[in-house]
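Spelled out from the first residue to the last, the chains are:
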Amino acid sequence: MMDLEPYLERARDAICNWEAEWGAFEPHEAAEIDGRSFEEAVGEYVERLKGNYPFFHPRYAGQMLKPPHPAAVVGYLAAMLINPNNHALDGGPPTSAMEKEVVRQIAGMFGYPDDALGHLTGGGTIANLEATWVARESHPDRGVAVSDQAHYTHFRLGNVLKMETRTVPSDEHGRMQLEALEPAVRRGEIGTIVVTAGTTGLGAVDPIADVVEWRDRYGVRVHVDAAYGGFFALSAADPSSPLDAETRRHLEAIGACDSIVVDPHKHGLQPYGCGCVLFRNPEAGRVYRHESPYTYFTSEELHLGEISFECSRPGAAAGALWLTLQVLPLEASAGLGTVVTAGLRAARQWHRRLEKSDALRSYMPPELDIVTYFPEPESSSKNEQPPRTTRTVSARSQQIFERGMDRAEDPVFVSILREDAGRFIERHGDISADTTEVRLLRSVMMKPEHEHYVDELYRLVMDAVRI
């Protein structure tokens, strides 16, 4: 890890000097603590934190977790010492200005116009809630359609907002099947289509460019849940990236959609929680209109609380993202573009390694940086032909997952994906279905360090296979 001490000291000293400019005052005894007790509590605290899995290390390829960039840590800590609230400008003038700047940069990454509306949120769930809320107000008598591979939050949001949520089946690549959706759209039953750029299970990208064509034809809104895959728009703008042509085409179409959700706390290298919601048409702001008798009075400029569902929001999140984008800008062949593209290359290396393996088989080629695979059935003797069923695949996947994670020496961390058994055997017809779902292994190659760790990761997983 980069040596943070000089930067953290500089941030702390700068805030202390700023505080001193306001004059001395007597601290209240109510907040005083005993130094020895604090030392003991900190010691216990850091020991308990060691119970986490090593999210920072490339041997961790399980869930969508990785530590924030050092720039984000310094930026967050410096602002956290002040603790600004980006709801109203008087709660954090500098960090509110930073939030507006970074939101414009993210909107520009997708090709949105300069007057697009947006703000940071606590995460993708709240961001999708706001986008769906605006969609409901735009088409109050119509439902919303989402793929069966969409994040489960969309079905919850339908319940919260009292909207009909129509599930659309996905194809063998994990992408929304438009032919299954079109009849309902043609009949005017659907007001908003939610397409996903990077499903959380397979990393699939829905046919965004094709759905965009329906907007004018059928009068529907198109919302993109790009919480996971949004930053791959940078790779789509890089001709040398390993994205296939069809995925590139759909990622390039994100900017033509009505609203977008993206999570900087995933590929944007930010701490939790930092999501973002964007609206192409600033008229979406009318849905947020409200009155507050004690805020919005210090400036005629836009207060972010006027266009956000959440009230209190950490200015530190905006400050951390702003500082990160100063050193890792949103550029295709530099900055954050090189970070996300490294994950693409790592996933493809991992897939090629699996294609040559006798013990592990790739489920499907990775579209972004998520790789799915499964073990070949294990035979107990050379003369015995092991059963090739979804039940045995599931059992072996679970066994390898647990073996790798629980190993005292050289553990490895992958995850389990539950996939529809019918869709599974469409791709792997030599295996019969005796269950309704099948458990697969899944590796998220979202750290750039994974690019140089693929061979070692394969060795670690194979060690778990052979135990």
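Quick note: structure is the one above.
Residues numbered from 1 in each chain as written. Predicted model: local features only at pLDDT ≥ 70, side-chain atom pairs only at ≥ 80, totals over all residues. Heavy atoms only, no water.

As for the overall build of the chain
Here is the rule: Numbering of helices and strands runs from the N terminus; a helix is a DSSP stretch of H or I covering at least four residues, while a strand is a stretch of E covering at least two. Think of it in three bands: residues with accessible area under 20% of the maximum for their type are buried, residues over 50% are exposed, and the middle band is partly exposed, with areas taken using a 1.4 Å probe on protein chains only. Pairs of residues are marked as contacts when any of their non-hydrogen atoms sit within 4.5 Å. Note on areas: these come from Shrake-Rupley sampling with a 1.4 Å probe, and a residue is covered only by the protein chains present in the view.
Tallying secondary structure elements over the chain gives 15 helices and eleven strands in all. Seen through its C-alpha atoms, the chain measures out along the principal axes to roughly 85 × 65 × 40 Å. In the chain, which comprises 467 residues, the proportion classed as buried is 54%. Within the chain, residue pairs in contact and separated by at least 24 positions form 72% of the contacts whose partners lie at least 6 positions apart. Taken as a whole, the chain presents about 22100 Å² of accessible surface, with 51% of it coming from carbon and sulfur.

Here's the deal with the packing of aromatic side chains
Quick note on the threshold: A pair of aromatic rings is counted whenever rings of Phe, Tyr or Trp (Trp by its six-membered ring) have centres within 6.5 Å, and the orientation is called stacked for planes under 30 degrees apart, edge-to-face for over 60 and tilted otherwise.
Per the counting criterion, the structure on display carries twelve aromatic pairs. Through a chain of ring-to-ring contacts, the aromatic side chains of Y53, F55, Y60 and F413 assemble into a single cluster.

Regarding the nonpolar core
Among soluble globular proteins, nonpolar side chains are generally buried collectively. We count it as follows: In these notes, a set of buried Ala, Val, Leu, Ile, Met, Phe, Trp, Tyr and Cys residues joined through side-chain atoms within 4.5 Å is what counts as a nonpolar core.
Core analysis: the largest hydrophobic core is formed by 57 residues, its most contacted members being I106, F110, L181, I193, I208, L278 and L336. Contacts of L278, omitting those with residues within four sequence positions, involve V103, I106, A107, F110, Y112, L117, G118, D258, S259 and I260. Core analysis: the next-biggest nonpolar cluster, separate from the first, contains 24 residues, A347, Y453, Y458 and L460 among them.

Description of a nonpolar patch on the surface
Put simply, the test is: In this scheme, patches are assembled from residues that exceed 30% relative accessible area and form no salt bridge. Like charges are connected within 9 Å, while nonpolar side chains (Val, Leu, Ile, Met, Phe, Trp, Tyr) are connected within 5 Å. We define a salt bridge as a contact between a side-chain nitrogen of Lys or Arg and a carboxyl oxygen of Asp or Glu at a distance within 4 Å.
Taken together, the side chains of I33, F38, V42, Y45, V46 and L49 make up a nonpolar region of the molecular surface, amounting to roughly 580 Å² of accessible area. Inspection of the secondary structure puts V46 in helix 2 (residues 35-49). Overall, V46 belongs to the partly exposed group, its relative accessible area being 39%.

Notes on the pattern of salt bridges
Considering all chains together, one arrives at 29 salt bridges under this definition. A salt bridge links D210 to R249; the nearest nitrogen and oxygen atoms lie 3.2 Å apart. Taken together, the positions of D210 in helix 8 (residues 208-218) and R249 in helix 10 (residues 245-252) put the pair 39 residues apart, joining distant regions of the chain. Given a relative accessible area of 23%, D210 falls into the partly exposed group. In this structure, the salt-bridge partner of R388 is D430, at a minimum N-O distance of 2.8 Å. Here D430 lies in the loop between helix 14 (421-427) and strand 11 (437-444) and R388 lies in the loop between strand 9 (370-375) and helix 13 (390-406), a separation of 42 residues in the sequence. Classification of D430 by relative accessible area gives partly exposed; the value is 41%. Linked through salt bridges whose partners overlap, the residues forming this network are R59, D410, E456, R459, D463 and R466.

Some thoughts on helix 8
Listing the buried residues of helix 8 in full gives I208, A209, V211, V212, W214 and Y218. Considering only its buried residues, helix 8 is in contact with helix 7 (178-186), strand 4 (190-196), strand 5 (221-226) and helix 10. Two residues or fewer past helix 8, G219 is found with a positive phi of approximately 70°.

A short note on the packing of helix 12 (residues 336-355) against helix 15 (residues 454-466)
Stated precisely, the cut-off is as follows: Axis definition: a line fit to C-alpha positions, over the contact stretch in the case of helices; interaxial angles, taken between N-to-C directions, run 0 to 180 degrees. In what follows, roughly perpendicular refers to angles from 65 to 115 degrees, roughly parallel to angles under 35, roughly antiparallel to angles over 145, and oblique to any angle outside these ranges. Each crossing is labelled by how the near helix is turned from the far one, with a counterclockwise turn of less than a right angle marking it left-handed and a clockwise turn marking it right-handed. Note that Gly is not counted as nonpolar here; it falls among the polar residues with everything else outside the nonpolar set of Ala, Val, Leu, Ile, Met, Phe, Trp, Tyr, Cys and Pro and the charged set of Asp, Glu, Lys and Arg.
Remark: helix 12 packs on helix 15, axes separated minimally by 10 Å, with the N-to-C direction vectors making an angle of 45°. In this view, helix 12 runs oblique relative to helix 15, as classed from their interaxial angle. The handedness of the crossing between helix 12 and helix 15 is right-handed. Between helix 12 and helix 15, the contacting residues are A346, Q349, W350 and R353 on the first element and V454, D455, L457, Y458 and V461 on the second. Split by residue class, the contact of helix 12 with helix 15 holds six nonpolar, one polar and two charged.

Brief notes about unusual backbone geometry
Put simply, Y272 and G273 share a cis peptide bond, and its omega is -10°. With a phi close to 65°, L269 is a non-glycine residue in the positive phi region. Relative to the helices and strands, L269 is located in the loop between strand 6 (259-262) and strand 7 (275-279). Residue D410 is not a glycine yet carries a positive backbone phi of 55°.

Description of the sheet that holds strand 10 (residues 415-420)
Quick reminder of the rule: A pair of strands is treated as paired once DSSP finds two or more bridges between them.
The sheet built from four strands is open, its strands ordered 8-9-11-10 with antiparallel pairing. This sheet does not close on itself; its edge strands, each paired only once, are strand 8 (360-364) and strand 10. For this sheet, the mean inter-axis angle between neighbouring strands, taken without regard to orientation, is 45°. Strand direction decides the pairing type here: strand 9 and strand 11, joined by four bridges, are antiparallel.

Considering the packing of helix 5 (residues 124-138) against helix 6 (residues 153-160)
Axis separation between helix 5 and helix 6 bottoms out at 10 Å; the angle between their running directions is 50°. In terms of orientation, helix 5 and helix 6 fall into the oblique class. Where helix 5 crosses over helix 6, the two elements pack in a sense that is right-handed. From helix 5, T125, N128, L129 and T132 reach across to helix 6, where they touch T153, H154, L157 and V160.

A look at the side chain of T95
Worth spelling out the cut-off: Two N or O atoms count as a polar contact when they lie within 3.5 Å, although within protein this holds only if one can serve as hydrogen donor and the other as acceptor, and sequence-adjacent residues are included solely when both atoms are side-chain atoms.
Tracing the chain through its elements places T95 in helix 4 (residues 93-110). A relative accessible area of 7% places T95 in the buried class. Among the polar contacts listed, one links the side chain of T95 to the side chain of N86, at a separation of 2.7 Å. Setting aside residues no more than four positions away along its own chain, T95 makes contact with A79, P84, N86, G315 and A318.

Describing the pairing of strand 9
Counting buried residues along strand 9, six of its six residues qualify, which places the element largely inside the surrounding structure. A two-sided burial pattern is seen for strand 9, the buried positions comprising I370, T372 and F374 on one face and V371, Y373 and P375 on the other.

Quick look at helix 15
As a reminder, the rule being used: Helix span, as expected, comes to 1.5 Å for every residue beyond the first.
Compared with an ideal rise of 1.5 Å per residue, which puts 13 residues at 18 Å, helix 15 spans 18 Å between its outermost C-alpha atoms and is within 8% of the ideal. Within the span of helix 15, buried status applies to V454, L457, Y458, L460, V461, M462, A464 and V465. Of the surrounding elements, those touching the buried residues of helix 15 are helix 12, strand 8, strand 9 and helix 13.

Focus on the sheet that holds strand 5
Taking strand neighbours across the sheet as the criterion, the seven strands line up as 1-7-6-5-4-2-3 in an open arrangement whose pairing is mixed. Looking at which strands have only one partner, the edges of the open sheet turn out to be strand 1 (117-121) and strand 3 (165-168). Across this sheet, the average inter-strand angle for adjacent strands is 20°, counted without regard to direction. Two strands pair when backbone bridges link them, and strand 2 (residues 143-147) and strand 3 are joined in this way by four bridges, in the parallel orientation. Bridging from a neighbouring strand, A145 pairs with R166 of strand 3.

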